[in-house]
Amino acid sequence: MISWILILIITFTRFTTCQNGYGFKSPPMGWNPYNAFSFTFDETIIRKQADIIATEGYLDVGYRYINLDDSWQAPNRTANGTLTYNTDKFPSGIKALAEYIHGKGLLFGIYSDAGTESCGGFPGSLDHEEKDAKTFVEWGVDYLKYDNCYNKKRPEQERYQKMGKALKNATKGTNKTIFYNICEWDKLILGYGDLMSEIDSQVRLTQYGRPGGWNDPDMLAVGFDVIPPIEQITHYAFWAALKAPLILGCDQDPLGLSICQVYYKTYNETSFDIWTGPLIDGYVAILFNRGIDPINIKLDFQKHCYLTDEIKV
């Protein structure tokens, strides 16, 4: 027998509406090829996925980003030091691909690394931040996933801030905005222990997740046969309620406030959590059985409701 999760949504009408932006006022939703294709994706696959997202209802419910991951790059920079693309994989070029995606009403994302090389061994952006940021703007990039391999053990804050400033400089005076996704690695969730670790890691971070700066426990790993369905349900539910970026994902609440752990209990061989948080029109509660046997968990809104000062009325 496996653990079960119960999600309760209780409707209230006391929270202020906020406009649903593209990854800034609510977490970004979209698609990234890495989990399904690793380093084997190419222009044909990306265009096909853009067609699906645009025409089969995904765009209507909030999926907007079509992102590249590691391996889109050429093995080396150009003679003048410019980052460029693998012409075998992307014969039309990255700018043409971005235009195709924009033509579908979608947004385009790209990958780079805050090190000398990407995790796959392609050119990284360390000490090339200004040049690469300008290249991304010229190509029409709307989203940057920024990884952490081959970083020369230089301080993370220094390296990530440097690219952040470069993106700000490159977009200054334009109407372009680039969603900046800092990536510090994680494991593909292949086992329940890994999922537990991911959930536990969020306990100390939930206070920081809000519009303008989302906590990101990594891409969704749903839709794979190696992951039991109940783990996928648990994974999906937590990511959505934590207001994490959903790549892939589901529709998000525009209030954009994360759930928080409000109760934790362990006795004998039984343990469970209660996580709660506000929605734009209600409240979400996750009752999480950490054990293998079914148990009863009582939700008491007098004790377990979590409201921040920002949204109390």
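Here the structure is a predicted model, which means the values were calculated and not measured. (Residues numbered from 1 in each chain as written. Predicted model: local features only at pLDDT ≥ 70, side-chain atom pairs only at ≥ 80, totals over all residues. Heavy atoms only, no water.)

**A closer look at the overall build of the protein chain**
Point 1. Within the protein chain, the secondary structure is distributed over 8 helices and 10 strands.
Point 2. By the burial criterion, 51% of the 313 residues in the protein chain qualify as buried.
Point 3. By sequence separation, contacts in the protein chain at least 24 residues apart represent 69% of the contacts at least 6 residues apart.
Point 4. Counting every atom, the protein chain has about 15300 Å² of accessible surface; 52% of that belongs to carbon and sulfur. (Helix = DSSP H or I, 4+ residues; strand = E, 2+ residues; numbered from the N terminus. Buried < 20%, exposed > 50% of the residue type's maximum accessible area, 1.4 Å probe, protein only. Contact = heavy atoms within 4.5 Å. Areas by Shrake-Rupley, 256 points an atom, 1.4 Å probe, with all protein chains shown as cover.)

**Topic: the nonpolar core**
Point 1. By size, the foremost hydrophobic cluster in this structure holds 53 residues, and its most contacted members are Ile46, Leu68, Trp72, Ile110 and Phe238.
Point 2. Among the nonpolar cores identified, the runner-up in size contains 7 residues, and Tyr65, Tyr143, Phe179 and Trp214 belong to it. (Core = buried A, V, L, I, M, F, W, Y, C linked by side-chain atoms within 4.5 Å.)

**Remarks on unusual backbone geometry**
Point 1. In this model, Asp127 sits at a positive phi of 70°, which is unusual for a non-glycine residue.
Point 2. Checked against the element boundaries, Asp127 lands in the loop between strand S4 (107–113) and helix H4 (129–139).
Point 3. Even without a glycine there, the phi angle at Lys243 is positive, about 60°.
Point 4. Within the element layout of this structure, Lys243 appears in the loop between helix H7 (229–241) and strand S7 (246–247).
Point 5. In this structure Lys243 comes out as buried when scored by relative accessible area, which is 2%.

**Details of the state of the cysteines**
Point 1. Following the criterion strictly, the structure yields 1 disulfide and no others.
Point 2. Each sulfur of the disulfide joining Cys119 and Cys149 lies 2.0 Å from the other. When the S-S torsion is 90°, as for the bridge of Cys119 with Cys149, the disulfide is right-handed. Taken together, the residues Cys119 in the loop between S4 and H4 and Cys149 in the loop between strand S5 (143–147) and helix H5 (156–171) connect sequence positions 30 residues apart.
Point 3. A residue is classified by how much of its surface remains accessible, and Cys119, at 31% relative accessible area, is partly exposed. (Disulfide = S-S within 2.5 Å.)

**Looking at the side chain of Lys176**
Point 1. Position of Lys176 relative to the elements: it lies in the loop between H5 and strand S6 (179–182).
Point 2. Of note is the side chain of Lys176, whose polar atom sits 3.4 Å from the backbone oxygen of Gly140.
Point 3. Apart from the residues lying within four places of it in its own chain, the contact partners of Lys176 are His102, Gly140, Val141, Asp142 and Thr171. (Polar contact = N/O pair within 3.5 Å; in protein donor to acceptor, adjacent residues only side chain to side chain.)

**Considerations on H7**
Point 1. Counted at 1.5 Å a residue, the expected span for H7 with its 13 residues is 18 Å, and the 18 Å between its end C-alpha atoms agrees.
Point 2. Burial runs high along H7: 10 of the 13 residues are buried.
Point 3. Downstream of H7 by one or two residues, Lys243 has phi in the positive range, about 60°. (Expected span 1.5 Å × (residues − 1).)

**Considerations on the confidence of the model for the protein chain**
Point 1. Averaged over every residue, the pLDDT of the protein chain is 81; the share at 70 or more is 82%.
Point 2. Scored below 50 in pLDDT, residues 186–191 shows 15 contacts in the model against residues more than four places distant or in partner chains.
Point 3. The low-confidence segment residues 308–313 (pLDDT under 50) makes 9 contacts with residues lying over four places distant or belonging to another chain. (pLDDT = per-residue confidence, 0-100.)

**Overview of the sheet that holds S7**
Point 1. Reading across from one edge, S6-S5-S4-S3-S2-S7 is the order of the 6 strands in this open sheet, with parallel pairing throughout. Of all strands in the sheet, those with a lone pairing partner are S6 and S7, marking the two edges.
Point 2. Relative to S7, strand S2 (residues 29–31) runs parallel, the two sharing 2 bridges. Bridge pairing in S7 links Met29 to Leu246.
Point 3. In the packing of H5 onto the sheet, the strands contacted are S5 and S6, and the crossing angle to S5 comes to about 160°. (Pairing = 2+ DSSP bridges. Axes fitted to C-alpha atoms, helices over the stretch in contact; angles between N-to-C directions.)

**Examining the pattern of salt bridges**
Point 1. Scanning the model with the defined rule gives 11 salt bridges in all.
Point 2. The partner of Arg154 in a salt bridge is Asp127, and the shortest N-O contact between them spans 3.0 Å. Linking Arg154 in the loop between S5 and H5 with Asp127 in the loop between S4 and H4, this pair joins segments that are 27 residues apart in sequence.
Point 3. Overall, Arg154 belongs to the partly exposed group, its relative accessible area being 26%.
Point 4. Under the relative-accessibility criterion, Asp127 is labelled partly exposed at 46%.
Point 5. Salt bridges sharing common partners tie together Asp127, Glu129, Arg154, Glu158 and Lys162. (Salt bridge = Lys/Arg side-chain N within 4 Å of Asp/Glu carboxyl O.)

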